[in-house]
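Spelled out, the chains give:
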Amino acid sequence: MGRQKLLVGTFGDISCSQRANGSWQARARYCDVDGVVREYRKAGASKNKAKDNLKRFFAEHTGTFGDEILTGEDTVLYLLELWFEKMEQAGGSPNRQTLKHYQSHVRWVLDSTRTQHPLGAYQVRHVRPAAIQASLDSAAISLDMRKKIRSILIRAFDLAIFHEAINGNPASAVPSIPVPRVKKKPVPAEELDAVRAAVREWAYAEKRNGPRSVDLPDIVEMLVATGMRIGELLALRWSDIELTRPPERRDDESWMPWLMVTGQVTSKGKRVGYGKTDAAIRPIALPDWAVVLLLRRKVAQPPNDLDAVFITRNGTWHFPTNVQGRLRRLRVVEDYADLKVLQDVTPHSFRRTVATEIDEVYDAEAAKNQLGHTSSAVTERHYINRKLVVPDYRAATARLAPGARSDSGPPPE
């Protein structure tokens, strides 16, 4: 009778032999996922240890797949490097700037100075959900950051599954992190002038630490006028703006002053020619008061090599983080302690103000287009602060009053 054919994922009888150095070697035939039966061997200090090592190998073995781009023996650090590389090569979403943020996020679970249980040196096949949980628990990070890191790990381990280095995703088994949803508020339109005055006064103040932030008032005004992201506004060039009617459109009544969002300044102070999303590259119509502001700046500002609308004293692009930091310092100035609305102001606050006003005058779709979102759902959920409006549908519900459908007469109008 011939040898019985092995089913995929099963192994045959294990035989053992002692080697010259005194250790033992166990060997057995195993049917890989491609249907090919191969012989595998594992050694051990004793006969039983060798058998156990071979059985453990078979339990973790996922077959032979040919590409060997990623295996179960590769480390988590290598897996993440490979995932980031593939994401950058693919282009699209997430973009390069977002990927850089992701790389800084995952350091919290890779760096031994940030967590007591770094994952970097783990072999991919040995990572268990409890190890990921322990790494997150011992890192001093917010709930929101934990959620982001878990999401990145899930996507990276999905890549390991694709290359069949592992069978299941250990990050998916880590309990999800509930983050309380707190909708950040816009600067109310009726309080904008008070915020503007505080920004202007602080920016030009003589008696305070550091140099005067003479660009900050105009930056705030343009955020209010456009709803642009801070990085988009700081990347604005004069060549991106049309403030006066060109000769060829002299008789075109549809012409209006406008600008084109063509890129953004990254957190590293570098201008790039792409936006946060595909919808970020967009035209924005300018209100008359913003046109006056920009014309004033253009006349007063000497030409610069970057063609930048906002440029530092050193002739470089403004860092978004520096603008954010200036508003943060303004919030703690005692002189403005009574201005409660100022305590939560960030560059994004003005973006929410614009979204709310456009939604009120037009609709959420218009707000989405102005802000450069890919979906109006994002605009409505995170940016629009709608007033409570009670719709009057009583003409319908009145028809459901007790006895309204009885034979005694017609329903009340």
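Parameters at a glance
- Residues numbered from 1 in each chain as written.
- Predicted model: local features only at pLDDT ≥ 70, side-chain atom pairs only at ≥ 80, totals over all residues.
- Heavy atoms only, no water.
- Pairing = 2+ DSSP bridges.
- Helix = DSSP H or I, 4+ residues; strand = E, 2+ residues; numbered from the N terminus.
- Axes fitted to C-alpha atoms, helices over the stretch in contact; angles between N-to-C directions.
- Contact = heavy atoms within 4.5 Å.
- Core = buried A, V, L, I, M, F, W, Y, C linked by side-chain atoms within 4.5 Å.
- Buried < 20%, exposed > 50% of the residue type's maximum accessible area, 1.4 Å probe, protein only.
- Salt bridge = Lys/Arg side-chain N within 4 Å of Asp/Glu carboxyl O.
- Expected span 1.5 Å × (residues − 1).
- Patch = residues over 30% accessible without salt bridge, like charges linked within 9 Å, V, L, I, M, F, W, Y side chains within 5 Å.
- Areas by Shrake-Rupley, 256 points an atom, 1.4 Å probe, with all protein chains shown as cover.
- Lys, Arg positive; Asp, Glu negative; His and termini not counted.
- Charge placed at Lys NZ, Arg CZ, Asp CG, Glu CD.
- Polar contact = N/O pair within 3.5 Å; in protein donor to acceptor, adjacent residues only side chain to side chain.
- Parallel < 35°, antiparallel > 145°, perpendicular 65-115°, else oblique.
- Nonpolar A, V, L, I, M, F, W, Y, C, P; charged D, E, K, R; others polar.
- Left-handed = near helix turned anticlockwise from the far one by under 90°.
- pLDDT = per-residue confidence, 0-100.
- Phe/Tyr/Trp six-rings, centres within 6.5 Å; stacked < 30°, edge-to-face > 60°.
- Lys NZ or Arg CZ within 6 Å of the ring centre and 35° of its normal.

1. Let's talk about the sheet that holds strand β2 (residues 24–31)
Here comes step 1: Overall, antiparallel pairing links the three strands, which are arranged β1-β2-β3 in an open sheet. Of all strands in the sheet, those bounded by a partner on one side alone are β1 (15–18) and β3 (37–44). The sheet shows a mean angle of 25 degrees between the axes of neighbouring strands, direction not considered.
Here comes step 2: Sheet strands in contact with helix α1 (residues 47–60) are β1, β2 and β3, and its direction is about 135 degrees off that of β3.

2. Describing the nonpolar core
Here comes step 1: Ranked by size, the top nonpolar core spans 46 residues in total, and within it M222, I241, L259, L286, L294 and F350 carry the most contacts.
Here comes step 2: The set of elements that each furnish at least two residues to this core consists of α6 (192–203), α7 (216–226), α8 (230–234), α9 (288–300) and α10 (320–331).
Here comes step 3: A total of seven residues in this core trace back to one element, the largest contributor, which is α7.
Here comes step 4: With 32 residues, the next largest nonpolar core counts L70, L79, V124 and L159 among its residues.

3. Considerations on the sheet that holds strand β4 (residues 241–242)
Here comes step 1: Strand order in the open sheet made by the three strands is β4-β5-β8, with antiparallel pairing throughout. Edge positions in the sheet fall to β4 and β8 (283–285), since each has one partner strand and no second.
Here comes step 2: One ladder, built from two bridges, connects β4 with strand β5 (residues 258–260); its direction is antiparallel. Following the sheet pairing, E242 is matched in β5 by W258.

4. Quick word on the pattern of salt bridges
Here comes step 1: With the rule as written, the count across this model stands at 16 salt bridges.
Here comes step 2: D193 is the salt-bridge partner of R196, the closest N and O atoms lying 2.9 Å from each other. Within this pair, R196 and its partner D193 are both found in helix α6, separated by three residues, close to a single helical turn.
Here comes step 3: A relative accessible area of 54% means that D193 is categorised as exposed.
Here comes step 4: Across the pair E221 and R196 runs a salt bridge whose closest N-O atoms are separated by 2.8 Å. Linking E221 in helix α7 with R196 in helix α6, this pair joins segments that are 25 residues apart in sequence.
Here comes step 5: Here the salt bridges do not stand alone but share partners, grouping D215, D218, R296 and R297 into one network.

5. Remarks on unusual backbone geometry
Here comes step 1: Although it is not a glycine, E164 adopts a positive phi angle of roughly 55 degrees.
Here comes step 2: Here E164 lies in the loop between α5 (143–162) and α6.
Here comes step 3: Phi at D307 is positive, roughly 60 degrees, even though this residue is not glycine.
Here comes step 4: Here D307 shows up in the loop between α9 and α10.

6. Concerning helix α3 (residues 96–110)
Here comes step 1: Along its 15 residues, α3 runs 21 Å from first to last C-alpha, staying within 8% of the 21 Å computed at 1.5 Å per residue.
Here comes step 2: All of the buried residues along α3 are Q97, T98, L99, Y102, H105, V106 and V109.

7. Examining a positive patch on the surface
Here comes step 1: Residues R96, K100, R107, R114, K268 and K270 make up a contiguous surface patch of positive charge.
Here comes step 2: Considering the arrangement of structural elements, one finds K268 in the loop between β6 (264–265) and β7 (271–272).
Here comes step 3: You can call K268 exposed: its relative accessible area is 63%.

8. Overview of the side chain of R351
Here comes step 1: Examined against the element boundaries, R351 turns out to sit in helix α11 (residues 347–361).
Here comes step 2: Buried within the structure, R351 lacks any salt-bridge partner; E232 is the closest side chain of opposite charge, at an N-O distance of 4.6 Å.
Here comes step 3: Separated by 2.6 Å, the side chain of R351 and the backbone oxygen of G227 make a polar contact.
Here comes step 4: With residues up to four places along the chain from it excluded, the contact list for R351 reads G227, M228, R229, R282, L371, H373 and Y383.

9. So, the packing of α6 against α10
Here comes step 1: Contact geometry for α6 and α10: axes closest at 11 Å, N-to-C directions at 100 degrees. Considered as vectors, α6 and α10 are oriented roughly perpendicular to each other. Here α6 contributes A198, V199 and W202 to the contact with α10, which in turn contributes R326, L327, R329 and L330.
Here comes step 2: When the residues that make up the contact of α6 with α10 are grouped by side-chain class, the tally is five nonpolar, no polar and two charged.

10. Some remarks on the packing of α7 against α11
Here comes step 1: It is at 7 Å that the axes of α7 and α11 come closest, and there the two elements cross at 30 degrees. Classified by the interaxial angle, the pair formed by α7 and α11 is roughly parallel. Both α7 and α11 take part in a crossing whose hand is right-handed. Contacts between α7 and α11 involve V220, L223, V224 and T226 from the first element and P347, F350 and V354 from the second.
Here comes step 2: For the contact of α7 with α11, the class distribution of residues is six nonpolar, one polar and no charged.

11. Quick look at the environment of A165
Here comes step 1: Locating A165 in the fold gives a position in the loop between α5 and α6.
Here comes step 2: Residues A165 and T71, spaced 94 residues apart in sequence, show a C-alpha to C-alpha distance of 4.5 Å.

12. Observations concerning the confidence of the model for the protein chain
Here comes step 1: For the protein chain, the mean per-residue pLDDT works out to 86, and 89% of the residues sit at or above 70.
Here comes step 2: Of all the helices and strands in the protein chain, helix α14 (residues 394–397) carries the lowest mean pLDDT, 69, while α8 carries the highest, 95.

13. Things to note about the packing of aromatic side chains
Here comes step 1: Under the criterion given, the structure shown has seven aromatic pairs.
Here comes step 2: Considering the side-chain rings of Y30 and Y40, the 6.2 Å spacing of their centres and the 80 degrees angle between planes classify their relative orientation as edge-to-face. You can see Y30 sitting in strand β2 and its partner Y40 sitting in strand β3, a full 10 residues away along the chain. Like Y30, the residue Y40 is buried in the burial classification.
Here comes step 3: Residues W83 and F84 carry aromatic rings whose centres are separated by 5.1 Å and whose planes lie at 65 degrees to one another, so their mutual orientation is edge-to-face.
Here comes step 4: Classification of F84 by relative accessible area gives buried; the value is 6%.
Here comes step 5: Sitting over the ring of W108, R114 keeps its end group 4.8 Å from the ring centre.
Here comes step 6: The aromatic ring of W289 is capped on one face by R196, whose charged end is 5.3 Å from the ring centroid.

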